[in-house]
Amino acid sequence: MSLAAILIAILSFVLGALLALLTIPVLVWLERRVASLIQDRLGPNRTNVFGFRFGGVVQSFADVVKLLLKEEYYPSHIKTGKWLFMLAPVITFAVALLAFMAIPFADTLHIDGEALRVQALPIDYGVLWYLAIGAIGVLGVIFGGWLSHNKYALLGSARAGSMVISYELPLGLSILAFIITYNTVDFNAMVQWQSGTFFAFLPAWGILVQPIASIILIVSLFAETNRNPFTVAEGESEIVAGFMTEHTAMKFAMYFMGEYIAMNTASAVIITVIFGGYQIPWVSTEMMLQNFSVFAMVLMISVPVIVGLLIKWMRKNNTVRPTVSTDSGRNFETKVLTIALLSMTALIEVILLYLAFFADSSLANSITVMLFQIVVFVVKLMMFNIFFILIRWTVPRFRYDQVQHLGWYYLLPLSLLNLFITALVVVGIT
Amino acid sequence: MKQKITVIPRYGSSFKDKLYLPAIYDGVKVTFKHLFDNVSDINAVDTLEYPEEQPTDITDRYRGLHRLTQRSDDSIACVACFMCATACPSNCIFIEATEREDGHDEKMPKSFFIDTLECVFCGYCVEACPCDAIRMDTGIFSLTGNSREDFVLNKEQLLANKGAFGEENSCARD
């Protein structure tokens, strides 16, 4: 094992942990801000560290501190299975975290003939790993609800159980359709397949190649992550808080964070399987590596444009209204962030200029491409997370019998039919 | 007899409605429009940034914090008749009467306390007062303090509150 291999392994592991864990506060904040902006409110925008608000994202860290310092309260009526009651949130949390680890953040690096996967877990059976690990998450919900010895919690876990039998089959069958289409169980190979074209001009993304399976996959993953419109297990308007009624402080926070990691994982799976993963449409990794100077030039033009738009937006919106006398340090924050963004852009420009015209190192080129693909992946991930949040604040909740009805009467036959047609077409082509 | 009957069409039976996705698309269009508009101009969101921006739409009928009115010569209008304390449903007015020396009436309050933590801001004291001596037209909607005692207002504090809508003195005593 060479030094590069070790470095890449550490980097991908750190990246996986960061992308899963550090996005929790961002997602909690994003959920609250997006919800409030949809409802014409402002949301949490005041918490700051030395005047730096970053749009209010500091609020999530304050919330975490509050939950950590809260009194740990154990319901005294729970006589049996207390250890499992306390373990249940950890199951949900850990499982969601583990499922994320099979996602590739960039294409496989080739250094000195060694193929290095940019994946927290460098495995080539990622889809199977995701299906196996992801299905355990609901066990935490069921254990937590059942062992609360509380009727609302028991109802919540019964509903969670009813959800599992509604969505697991369509989820598995729709992913099976993708496995047949891409002829692989490796997430990275799936992304590579999608970097080609389809009908000569369309990007060969899963959503265009397999539209029905894509919709079934998205719907089932919404159900798997317990997000609206499938929050029946929580059902706060009918059964208090469902399975987490008796969980307090950090136990509740584990469920809460597990839900957001699960959402993040589902977004990552969706973009990897059907939205081309870390690739931008029409451009494969080989194309970027072969025409590196062109790629660097395009990047050198587009990065300042994007940063300029960002700064323009920030200067317009990181202000207070004219009627408010104090600006609470927002002008200072805007100034510092503008300088930081501009100097970062200048640094990127200089590095790209050097790589494109003066250096001739294939290693540096492939690392640049890798970093670019990671950025693309994160942007896509965040866009799909916002889509998850947007759906939550748009669609009302289903009843749990409606979910079962949807799963068994519509999604299951549809996915079976789609699987049949897919198999016919694939056999016909080959 | 001609009956006006409006037939409301039932939705949900057509194929498009059963498909459910077009309806979700329409809903997402609405929510995304709100999100996009507000993100592109966040200061146009129609909310009050409260502590910095104060409400400007408090009407003169708003029942704010109480005050005691004065006569034209700055003496207290109250004659300590206990009508307000009697009318009070939450028993939060405490009056102690004393003899009056300034030549207007016979009695005046020696002490006048309102426990605003008990008060329900119903305005019955204002209705009951025969001298127009207690009013709730200060327009003050927030009272802050560090202890329970800070919320028990005495006579001097109540006299110091000024009317926010033009009328300063009592209209029944001069």
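Since the model is a prediction, treat every value here as computed from it, not as a measurement. (Residues numbered from 1 in each chain as written. Chains lettered and ligands numbered in written order. Predicted model: local features only at pLDDT ≥ 70, side-chain atom pairs only at ≥ 80, totals over all residues.)

Visitor: What's the story with the overall build of chain B in this structure? I'm lost.
Guide: For chain B, the count of helices and strands is five helices and five strands. Element order for chain B, N to C, with α for helix and β for strand: α-α-β-α-β-β-α-β-β-α. Relative to the compact-globule value of 16 Å for 174 residues, chain B shows a C-alpha radius of gyration of 27 Å, a clear excess of over 25%. Taking all 174 residues of chain B together, 20% fall into the buried category. Taking the contacts inside chain B whose residues are at least 6 apart along the sequence as the reference set, 74% of them involve residues at least 24 apart. (Helix = DSSP H or I, 4+ residues; strand = E, 2+ residues; numbered from the N terminus. Rg over C-alpha atoms; globule rule 2.2 N^0.38 Å. Buried ≥ 20, exposed ≤ 12 C-beta atoms within 10 Å, placed from the backbone. Contact = placed C-beta atoms within 7 Å.)

Visitor: What exactly am I supposed to notice about the pairing of strand β2 (residues 114-119) of chain A here?
Guide: Put simply, side chains in a regular strand alternate between the two faces of the sheet. As paired elements, strand β1 (residues 104-111) of chain A and β2(A) share five bridges and run antiparallel to each other. If you follow P104(A) over to β2(A), its bridge partner there is Q119(A). (Pairing = 2+ DSSP bridges.)

Visitor: In this structure, what is going on with the sheet that holds strand β3 (residues 107-115) of chain B? I would like to understand it.
Guide: Working definition: the strands of a sheet are paired by backbone hydrogen bonds and lie parallel or antiparallel to each other. Residue and element names in this part refer to chain B. The three strands are arranged β2-β3-β5 in an open sheet whose pairing can be described as antiparallel. Here the strands that pair on one side only, and so sit at the sheet edges, are β2 (93-99) and β5 (152-153). Summarising the sheet, β2 and β3 pair through seven bridges and their orientation is antiparallel. Each bridged residue has a counterpart across the sheet, and for A97 the counterpart in β3 is P109.

Visitor: Looking at this model, I keep getting lost on helix α16 (residues 400-429) of chain A. Mind explaining?
Guide: Given 3.6 residues per helical turn, the α-helix brings residues three or four places apart onto the same face. Residues and elements named next belong to chain A. Taking 1.5 Å of rise per residue, 30 residues should cover 44 Å, and α16 covers 41 Å from first to last C-alpha, within 8% of that figure. Most pronounced at L411, the bend in α16 amounts to some 35 degrees, and the proline P413 follows within four residues. Along its buried surface, α16 packs onto α7 (151-182) and α10 (211-224). (Expected span 1.5 Å × (residues − 1). Bend = angle between axes of the 7 residues up to and from the residue.)

Visitor: Just to check I follow, could you spell out the interface of chain A and chain B for this structure?
Guide: Interface size is often expressed as the accessible area that is lost when the parts come together. Across the contact, 18 residues belong to chain A and 17 residues belong to chain B. For the side of chain A that touches chain B, the elements supplying multiple residues, two or more each, are α2 (23-38) and α15 (362-392) of chain A. With three residues, the single largest contributor to the side of chain A that touches chain B is α2(A).

Visitor: Help me understand unusual backbone geometry in this model?
Guide: Working note: non-glycine residues mostly have negative phi, and peptide bonds are mostly trans. At N183(A), a position not held by glycine, the phi torsion is positive, near 60 degrees. Among the residues examined, N183(A) registers 12 C-beta atoms within 10 Å and is labelled exposed. Here Y20(B), not a glycine, exhibits a phi torsion of approximately 70 degrees, which is positive. Residue placement: Y20(B) occurs in the loop between α1 (15-19) and α2 (21-40). Given 15 C-beta atoms within 10 Å, Y20(B) falls into the partly exposed group.

Visitor: Would you mind showing me how to read the packing of helix α4 (residues 82-100) of chain A against helix α11 (residues 249-274) of chain A here?
Guide: What describes two packed helices is the angle between their axes and the distance between those same axes. All names here are of chain A. It is at 8 Å that the axes of α4 and α11 come closest, and there the two elements cross at 20 degrees. It follows from the interaxial angle that α4 and α11 lie roughly parallel. When you trace α4 past α11, the crossing you get is left-handed. Facing α4, whose interface residues are M86, P89, V90, T92, F93, A96, L97, A99 and F100, α11 presents K251, M254, Y255, M257, G258, I261, A262, N264, T265 and A268. Classifying every residue of the contact of α4 with α11 by side-chain character gives 14 nonpolar, four polar and one charged. (Axes fitted to C-alpha atoms, helices over the stretch in contact; angles between N-to-C directions. Parallel < 35°, antiparallel > 145°, perpendicular 65-115°, else oblique. Left-handed = near helix turned anticlockwise from the far one by under 90°. Nonpolar A, V, L, I, M, F, W, Y, C, P; charged D, E, K, R; others polar.)

Visitor: What exactly am I supposed to notice about the nonpolar core here?
Guide: Note that soluble globular proteins tend to have their nonpolar side chains buried in a common cluster. With 104 residues, the main nonpolar core has F100(A), M163(A), L217(A), I261(A) and I270(A) as its most contacted residues. The element that contributes the greatest number of residues to this core is α11(A), accounting for 15 residues. Look past the residues within four positions of L217(A) in its chain and what remains in contact with it is L171(A), S174(A), I175(A), I270(A), V273(A) and I274(A). One finds I114(B), C119(B), L153(B) and L158(B) within the second-largest nonpolar core, a separate group that totals 20 residues. (Core = buried A, V, L, I, M, F, W, Y, C linked by C-beta atoms within 7 Å.)

Visitor: Where do I start with the domain arrangement of chain B in this structure?
Guide: The domains assigned to chain B are domain 1 (12-46) and domain 2 (67-160). Relative to domain 2 of chain B, the C-alpha centre of domain 1 of chain B lies at a distance of 53 Å. (Domains from an automatic or database assignment.)

Visitor: Mind showing me how you'd approach the pairing of β3(B) here?
Guide: Bridging between β3(B) and β5(B) involves two bridges; their strand directions are antiparallel. By the bridge assignment for β5(B), I114(B) is matched with L153(B).

Visitor: Looking at this structure, how should I read the confidence of the model for chain B?
Guide: Fine structural detail should not be taken from predicted coordinates in areas where pLDDT scores are low. Looking at chain B as a whole, its pLDDT mean stands at 88, while 99% of the residues score no less than 70. Model confidence for the complex is summarised by a pTM of 0.82, with the ipTM given as 0.83. (pLDDT = per-residue confidence, 0-100.)

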